[in-house]
Amino acid sequence: MTVKQIFDSMDYGPAPEAAGDALAWLVDQGDRFGHFIDGVFTDPGDGFDSRNPATGEVLATLSQATQADVDAAVAAARAAQGKWARLGGRGRARYLYAIARLLQKHSRLFAVLETLDNGKPIRESRDIDIPLAQRHFYHHAGYAQLMEAELPGREPLGVCGQIIPWNFPLLMLAWKVAPALAMGNTVVLKPAEWTSLTALLFADICRQAGLPKGVVNIVTGDGAVGEMIVNADVDKIAFTGSTEVGRRIRQATAGRGIPLTLELGGKSPYIVFEDADLDSAVEGLVDAIWFNQGQVCCAGSRLLVQEGIAPRFHAKLRARMDKLRIGDPLDKSVDVGAIVDPLQRNRIAALVDANAEGETYRAACPLPDGCFYPPTLISGLSPASPLMQEEIFGPVLVSSTFRTPDEAVQMANNTRYGLAATVWSENINTALDVAPRLAAGVVWVNGTNLFDAAAPFGGVRESGFGREGGWEGLAAYTRPGGKPKALKPVAAFDGDEAEPQPVDRTAKLYVGGKQARPDGGYARNVFDRRGRLIGQAPIANRKDIRNAVEAARGASGWSSATAHLRAQVIYYIAENLAARGSEFAAQIDRMTGGKSGAKEVDAAVARLFTYAAWADKFDGRVAQAPLRGVAMALREPCGVICALCPDDVPLLGLVSVMAPAIAMGNRVVLVASEPFPLAATDFYQVLDTSDVPGGVVNILTGSHADLAPTLATHADVEAVWSFSSTDLAAEIERGAAGNLKRTWVNNGHSRDWLGAEGEGREFLDAATEVKTVWVPYGA
Ligand code: NAI
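Analysis parameters
Residues numbered from 1 in each chain as written. Predicted model: local features only at pLDDT ≥ 70, side-chain atom pairs only at ≥ 80, totals over all residues. Heavy atoms only, no water. UniProt positions renumbered as here; feature names shortened; annotations may be inferred. Pairing = 2+ DSSP bridges. Helix = DSSP H or I, 4+ residues; strand = E, 2+ residues; numbered from the N terminus. Axes fitted to C-alpha atoms, helices over the stretch in contact; angles between N-to-C directions. Contact = heavy atoms within 4.5 Å. Buried < 20%, exposed > 50% of the residue type's maximum accessible area, 1.4 Å probe, protein only. Phe/Tyr/Trp six-rings, centres within 6.5 Å; stacked < 30°, edge-to-face > 60°. Right-handed = clockwise from strand over helix to strand, strands pointing away. Patch = residues over 30% accessible without salt bridge, like charges linked within 9 Å, V, L, I, M, F, W, Y side chains within 5 Å. Areas by Shrake-Rupley, 256 points an atom, 1.4 Å probe, with all protein chains shown as cover. Salt bridge = Lys/Arg side-chain N within 4 Å of Asp/Glu carboxyl O. Near = heavy atom within 4 Å. Polar contact = N/O pair within 3.5 Å; in protein donor to acceptor, adjacent residues only side chain to side chain. Core = buried A, V, L, I, M, F, W, Y, C linked by side-chain atoms within 4.5 Å. Expected span 1.5 Å × (residues − 1). Arc of directions from axis to C-beta.

- With an unreviewed UniProt entry as reference, the chain is termed Aldehyde dehydrogenase family protein, source organism Thalassococcus arenae.
- Reading the Sequence similarities (unreviewed entry) entry of the UniProt record for the chain gives the comment "Belongs to the aldehyde dehydrogenase family."

Okay, structure coming up:
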């Protein structure tokens, strides 16, 4: 282009970033890579090409890890872990800091290599991916430094298997590796097969930082290697990628007793109210859906515009789309780069081409040859249209209109996902009314796609579970100290007293604030230690579970009630239980054949006091993200939690599970102690007299093993907990894969319910989700 032509068109001239150093680094490595295991690069094995998607050129050849490679990586990580943990947080902080410094020093090389490998515009890799990765290591060097002082009693998990996608290759690595290392774990990480190069450069940085061998191990390959890691002898799996693979990993790890975090897909709403600053909202959309070609899990891919401004807003949007520059990702003035791989490009095209609904608008800017896809807007779709529901994972925005804020919330939440949401309004009341009602782990107000190491990120619903970033993200890489004790099955006593009874002593279920006969009409005899009949407990079935869940869903007012009110109700339960203490104690002693009934009742009353205390004190926080504004990490209830209660302490166990859940605003379906169910059936009389709204607490009795699968697979339940003495971890975790609900299972370990491990933050954490709401201060 001549200077005259540039003046005539007033267009940007090309400003390509030099690729020489990055290409030279690849040549230095021989253009062929092995894995990074135990501090050294292995010899390259059979593998596959890694291409530059913008040009189709082969950048390097990568090795497909074999089972032996994965085993060697896990063994190296295992061997290194003890020493790495014993180094202490302060010792580890030095290494994390050194890595951060080196990432900073080599940031240009990382940025260029990332853009070559992934196709994302250099402006993004240079200004977003690489700086955020550095920030993650700096920030987590700090957590390592503070671990012993601020997280007393927490221990590393051990060896972490980590599997990451191709959309933010180095950044996702940083999100996984930094917290794991900071907390004293070692890792085996697999980058995505399309984008492994910056992970291998990172391995080189680990060497330069003098990181002890075996602390970071990187194996390359496709999903088969991912599966090997999932099935390996690791102590945790952290995965970011598609919901489909996440679901498979949930099934594969079910019952293995290893923690799992899943950061999965999304179809995040981008809501524009009529009083929004429309030009800013259009600019925000560029960052929401055309950032990284829309290949972003939290992309604002579903535009919801208030009806009155929709024509004007769409006109502005189309005009802006036409100005987007698509082309050579290394060009500093390019807005939209290449799609990561022809396969992904074809996936996007197939989804769009299959749609016949609405109006499709493609950006006018010329499209280069190769693996590119034009910024696209599809408007006028019905809410049920596949394009409104399915993750496209490309530069394709779908759009719909709404009339009222309530309708906006309802449409925004009409999705199986719940990763992120964006709200644009100049009216603080509208924005802050809508933000908490959105089913999403992250909400941005008048901004979008803001991320920081200090601010937790993660989803609800089928967008996965667990948080990355912030203090909250560390929980996923630590566990409480101490050796767990094995679970002892607790069996009911047998007896043979004949029926019928002179007076029917059959207890009922408790559903929606009312006593309910079991659907099946069956009950079982409950005997004391000497085989004398004490009473009968109903046997709940799937229909009873459905009714109880429906009642719990209906009691949603509890979740929005003030914490002060919830505290008052829990204090009132405590008071009423204390008033009938001796009666409960006698019943417990009779059922269990023990003498600790009085102690158990006392502990249950104390526990209720504890959670009444906590109800309005388990605060969120404001994260120190580098922004003129606030990133609020709020604690929200999960929703409906179903719990199999402990068998050994029939009253205390039920209270220990119920109280933290309802204190945090959840509604619960409790399945009482299986062998000793009658304390629970008496307990609902206490609830009845304590102003607990109907449906907040529902109590069922019956076989834990029979009921667990229905609880685990119920689509309207957000979390399932199991403290049963029947080990149902595998069953529950496998069943939960369907809608990816949260699970908290005892994995064959027992808990001392009378002691400190029977209450506290662990329970409150499990009873809440963290929602991060970003509110910039404005101009
Ligand atoms: P994917 O979920 O298959 O791949 C992500 C990572 O998981 C890669 O490292 C892959 O090798 C690995 N993997 C694949 N199968 C595995 C298995 N069975 N066990 C363990 N690891 C396995 O994602 P893919 O196929 O690259 O993209 C498909 C779609 O997934 C995209 O179109 C997009 O909708 C979504 N996606 C979402 C991401 C997110 O950040 N939420 C990231 C990447 C993809």
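Some words on the sheet that holds strand E15 (residues 396-402)
No. 1: With mixed pairing, 10 strands are arranged side by side in an open sheet as E13-E14-E15-E12-E11-E16-E17-E33-E26-E25. Looking along the sheet, the strands with just one partner apiece sit at the ends: strand E13 (359-362) and strand E25 (621-623). With strand direction ignored, the average angle separating the axes of adjacent strands in the sheet is 20°.
No. 2: For strand E11 (residues 268-272) and strand E16 (residues 420-424), the ladder comprises three bridges, and the chain directions are parallel. Bridging from a neighbouring strand, Tyr270 pairs with Thr422 of E16.
No. 3: Packing against the sheet, helix H11 (residues 278-289) makes contact with E11, strand E12 (300-306), E15 and E16, and its axis sits at approximately 170° to E11.

Here's the deal with the UniProt feature "active site" (unreviewed entry) in the chain
No. 1: Listed under "active site" (unreviewed entry) in the UniProt record, and renumbered for this structure, are Glu263.
No. 2: Checked against the element boundaries, Glu263 lands in strand E10 (residues 260-263).
No. 3: Residue class for Glu263 comes out buried when judged on its relative accessible area of 4%.

Overview of the packing of aromatic side chains
No. 1: Summed over all chains, the structure comprises 25 aromatic pairs.
No. 2: Where Trp166 meets Phe393, the ring centres are 5.3 Å apart and the plane angle is 85°; that geometry is what we call edge-to-face. Here the residue Trp166 occupies a position in the loop between strand E6 (159-163) and helix H7 (169-182), and Phe393 occupies one in the loop between helix H14 (386-389) and E15, the gap between them amounting to 227 residues. As far as the burial class goes, Trp166 and Phe393 line up, both buried.

With respect to the pairing of E12
No. 1: Buried residues dominate E12, accounting for seven of its seven residues.
No. 2: Note that E11 and E12 share five bridges and pair parallel. Among the inter-strand pairings, Tyr270 is bridged to a residue of E12, identified as Leu303.
No. 3: Crossover connection from E11 via H11 to parallel E12: handedness right-handed.
No. 4: Pairing of E12 with E15 involves five bridges; the strand directions are parallel. Residue pairing across strands places Gln306 opposite Phe402, the latter belonging to E15.

Describing a nonpolar patch on the surface
No. 1: Judged by side-chain polarity, Val3, Phe7 and Met10 come together as a nonpolar surface patch covering roughly 400 Å² of accessible area.
No. 2: With respect to the helices, strands and loops of the structure, Phe7 is situated in helix H1 (residues 3-9).
No. 3: On the basis of relative accessible area, Phe7 is assigned to the exposed category, the value being 61%.

Some points on the site of the ligand
No. 1: Contacts to the ligand come from 27 residues, most closely from Trp166, Lys190, Glu193, Ser242 and Arg347.
No. 2: Here Arg347 contributes a side-chain N or O atom positioned 3.1 Å from an oxygen atom of the ligand.
No. 3: Within the contact set of the ligand, an oxygen atom lies 2.9 Å away from a side-chain nitrogen or oxygen of Glu391.
No. 4: For the ligand, the accessible surface in isolation is 800 Å², of which the surrounding protein chains cover 89%.
No. 5: Residue assignment for the shell around the ligand shows that the elements contributing at least two residues are helix H9 (223-231), strand E9 (236-240), helix H10 (243-253) and helix H13 (342-353).

Thoughts on the UniProt feature "domain: Aldehyde dehydrogenase" (unreviewed entry) in the chain
No. 1: Here the UniProt feature "domain: Aldehyde dehydrogenase" (unreviewed entry) sits at residues 47-479 and 531-747.
No. 2: From the first C-alpha to the last, residues 47-479 spans 37 Å; its make-up is 43% helix and 18% strand.

Structural notes on the nonpolar core
No. 1: In terms of nonpolar packing, the biggest core is built from 115 residues, with Phe137, Phe202, Val216, Ile218 and Val272 touching the most fellow members.
No. 2: Per-element tally for this core: the top contributor is H7, with 11 residues.
No. 3: Leave out the neighbours within four places in its chain, and Val216 touches Phe36, Val177, Leu181, Val187, Phe202, Cys206 and Leu211.
No. 4: Counting 68 residues, the second largest nonpolar core, distinct from the first, contains Leu651, Val668, Leu687 and Val692.

Structural notes on the pattern of salt bridges
No. 1: As enumerated under the stated definition, the model contains 37 salt bridges in all.
No. 2: For the salt bridge of Arg580 with Glu583, the shortest nitrogen-to-oxygen distance reads 2.6 Å.
No. 3: On the accessibility criterion, Glu583 (43% relative accessible area) is partly exposed.
No. 4: One salt bridge in this structure joins Glu769 and Arg742, with 2.2 Å as the shortest N-O distance.

Brief notes about H13
No. 1: Taking 1.5 Å per residue, 12 residues should reach 16 Å; H13 reaches 16 Å between its end C-alpha atoms and fits that length.
No. 2: Of all the residues in H13, the buried ones are Gln344, Ile348, Ala349 and Val352. Along H13, the residues classed as buried sweep out an arc of 135° about the axis, all on the same side.
No. 3: Here the buried face of H13 lies against E13, strand E14 (376-379) and E15.

Some details on the environment of Trp194
No. 1: Looking at the element boundaries, Trp194 is found in the loop between strand E7 (186-190) and helix H8 (197-208).
No. 2: Trp194 sits 415 residues away from Phe609 along the chain, and the two C-alpha atoms are 54 Å apart.
No. 3: Beyond its immediate sequence surroundings of up to four residues, Trp194 is in contact with Ser50, Asp117, Trp166, Val340, Asp341, Leu343 and Gln344.
No. 4: Here the side chain of Trp194 touches Asp341 through a polar contact of 3.3 Å, side chain to side chain.

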